[in-house]
Structures are given as C-alpha cells and as structure tokens.
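Coordinate inspection notes
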Amino acid sequence: MSKSNHIINVLKQAIVTFTTKKQKPESFPANLEALISLLNNTTSEHVNFPSQFMNPQLWEHPDKAPVSCIEIFEDDHVTMGIFVLKPNGKLPLHNHPQMHGLIKVIAGKVKIVSYSINTEKTKDVDQKSFQDSKAPMPFKARPGRCGIVTAELNDITVVGPNSPTCVLDPDIKNLHEIESLDGPAAFLDILAPPYDYPLPGYETRKCSYYTKLSQVAQNIFRLQEIRSPSWYWTDSHPYTGPDIYEANLTP
C-alpha cells in the first residue's frame with residue numbers, strides 16, 4: 001500500500017465503520033477492529049505532518065496558540081484531524097457525548113488520563129448518595145449551575161508513535177485529558193459522530209470541560225463542568241497530506 005493511499009484507506013474504513021453501525025450492528029466490532037489495525041500502522045509520513053511543529057522554538061512565539069488543529073475531513077458521521085500540543089501542553093479534561101473516538105500518536109509522546117461514566121461503580125456510588133432522588137443518574141445540576149458527573153478513573157497511560165491506538169466509546173474512557181511530554185506532540189484523532197451533529201434523544205452535543213470537584217470513593221470522582229479554561233485556545237493549520245476529497249470515499 002502506498003503512503004498516499006494509506007490515510008485514504010483509514011478514512012474509508014472509518015466511514016464504513018460508523019455509517020453502517022446502526023444498519024449492521026453485528027458487523028461493527030469487526031469493522032472497528034479493522035479501523036484500529038489501520039490506525040496502528042499510521043505514521044506522520046502518511047499525513048505529511050509538518051516537521052516544523054516539532055521544533056520547540058515555534059511554540060515560544062507569544063502569539064502562538066498552545067494547540068494547533070489540522071482538519072482533514074468532516075461529514076455528519078465522522079470527523080478526522082490532527083491535534084498538535086506545545087511542549088508540556090494539554091487538552092483540558094473534556095467529554096465526548098455519545099461518541100466513539102480513536103487516538104493515534106504520530107509524533108512525540110503524550111500522557112492520557114481517562115475516566116469512564118455510567119460504570120457499575122459510579123452507578124453504585126450515585127445510588128447510595130442520591131437514593132432519595134428521582135433524578136436520572138448522573139444527576140443533573142440545578143438551573144443556572146454547570147453539570148456534575150460521577151466518573152471512574154479508568155486509565156493513566158503514556159503513548160508514542162509506536163504505541164497502539166487509544167479507543168473510547170460513549171461510556172468507557174469517554175472523558176480524558178491529554179498532555180504532551182518531553183516536547184511537542186501530535187496525534188491523529190477520529191470522532192464519530194462529530195460534535196454538534198444531532199442524535200435522537202440528545203438536544204445538544206457540545207464539548208464540555210471539567211475539573212475534579214471531589215473524590216467520593218477509590219478511583220471515583222465528582223467532576224464539575226467548567227467553562228473552557230482561559231489558558232486553552234487553538235489555531236488552525238492547513239492539511240498538506242494526500243487529497244482526501246479527490247478520493248472515492250463511498251462506503
């Protein structure tokens with residue numbers, strides 16, 4: 001497989017995986033494994049990742065955003081792009097409402113701290129804490145206040161270009177923060193469905209940011225929704241890899 005074809009095949013497999021998920025749910029696990037296998041073999045060369053991002057001096061410019069985004073593709077089923085973090089930069093703790101996500105580091109090294117929601121442990125904690133409440137769990141905040149969720153610390157892992165793809169689903173590892181280590185870092189990111197696209201039963205699906213409010217049991221935390229942190233902002237950079245939109249992406 002040529003280098004130019006590889007990323008196109010990754011995107012084709014992502015489209016097949018998530019567009020057929022409802023129509024052929026029995027095929028979803030195999031399709032997802034095929035996508036993960038392709039991503040595991042994806043490198044910075046496959047997307048022609050700009051090498052200047054790995055120069056620490058680039059990030060010392062006072063007007064440079066701490067995170068750069070390179071958009072590769074988006075439709076109403078799948079979004080694919082690259083996130084580049086400055087040295088010791090971070091994506092704040094955030095969620096992925098009703099989404100699947102895949103992360104493949106292509107440059108540098110990152111630490112990912114992941115939390116899961118709606119686990120047996122979080123449900124048990126909420127039932128014991130709010131047994132007199134009829135509100136659905138995780139409980140809803142009062143009007144005018146930001147939301148609070150109960151989450152289980154699932155994993156703290158350090159990954160690099162030779163590491164396997166990291167995967168999240170609507171419940172498992174659905175909240176995470178990502179921090180670059182020992183210099184800049186970049187990862188290929190696939191989300192399905194994209195933020196803001198409507199799903200039946202969900203009025204809004206925006207990205208929400210969180211901070212730890214309290215620890216209520218071993219590895220169980222209450223997380224308070226917050227505004228996007230003032231230290232976090234992004235800029236955009238054009239995609240310079242193989243032309244995705246010239247390819248035949250029909251599943």
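Please refer to the structure higher up on the page.
So, here's what we can say about the structure. From a predicted model like this one, the values you see are computed outputs, not experimental measurements.

Conventions we followed
- Residues numbered from 1 in each chain as written.
- Predicted model: local features only at pLDDT ≥ 70, side-chain atom pairs only at ≥ 80, totals over all residues.
- Heavy atoms only, no water.
- 1 Å grid on protein atoms, 1.4 Å probe; cavity = no way out; pocket = protein on both sides within 12 Å on 5 of 7 lines; lining within 4 Å.
- Points joined across faces, edges and corners; volume = space filled by probe spheres on them.
- Helix = DSSP H or I, 4+ residues; strand = E, 2+ residues; numbered from the N terminus.
- Nonpolar A, V, L, I, M, F, W, Y, C, P; charged D, E, K, R; others polar.
- Core = buried A, V, L, I, M, F, W, Y, C linked by side-chain atoms within 4.5 Å.
- Buried < 20%, exposed > 50% of the residue type's maximum accessible area, 1.4 Å probe, protein only.
- Pairing = 2+ DSSP bridges.

A look at the layout of surface pockets
Where empty space is left can be seen by rolling a probe of water-molecule size over the atoms. Here the second largest pocket is characterised by a volume of approximately 520 Å³. Along its surface, the second largest pocket is lined by 25 residues, and Cys-69, Phe-83, Asp-189, Leu-191 and Tyr-195 are the ones closest to its centre. Sorting the residues of the lining of the second largest pocket by element identifies β1 (67–74), β2 (79–85), β3 (90–94) and β7 (175–192) as the ones contributing at least two each. For the lining of the second largest pocket, the residue count by class is 16 nonpolar, six polar and three charged.

With respect to the nonpolar core
Formed by 34 residues in total, the largest nonpolar core has its most connected members in Ile-7, Phe-49, Ile-72, Ile-82, Ile-190 and Ile-244. Of all the secondary-structure elements, those providing two or more residues to this core are α1 (3–19), α2 (28–40), β1, β2, β4 (100–117) and β7. When residues in this core are grouped by element, the largest group, seven residues, is from α1. Residues Val-67, Val-110, Ile-178 and Ala-185 belong to the second largest nonpolar core, which totals 13 residues.

Considerations on the pairing of strand β9 (residues 220–226)
Buried residues dominate β9, accounting for six of its seven residues. Here strand β5 (residues 148–159) pairs with β9 via five bridges, running antiparallel. Of the residues in β9, the one forming a bridge with Glu-152 is Ile-220. Where strand β8 (residues 209–217) lies against β9, seven bridges are found, and the strand directions are antiparallel. Looking across to β9, one finds that Ala-217 is bridged to Ile-220. Taken together, β8 and the strand that follows it, β9, pair antiparallel across an intervening segment of two residues, in which Asn-219 is found at a positive phi of about 65°.

Function cannot be inferred from these measures alone, as they are strictly geometric.
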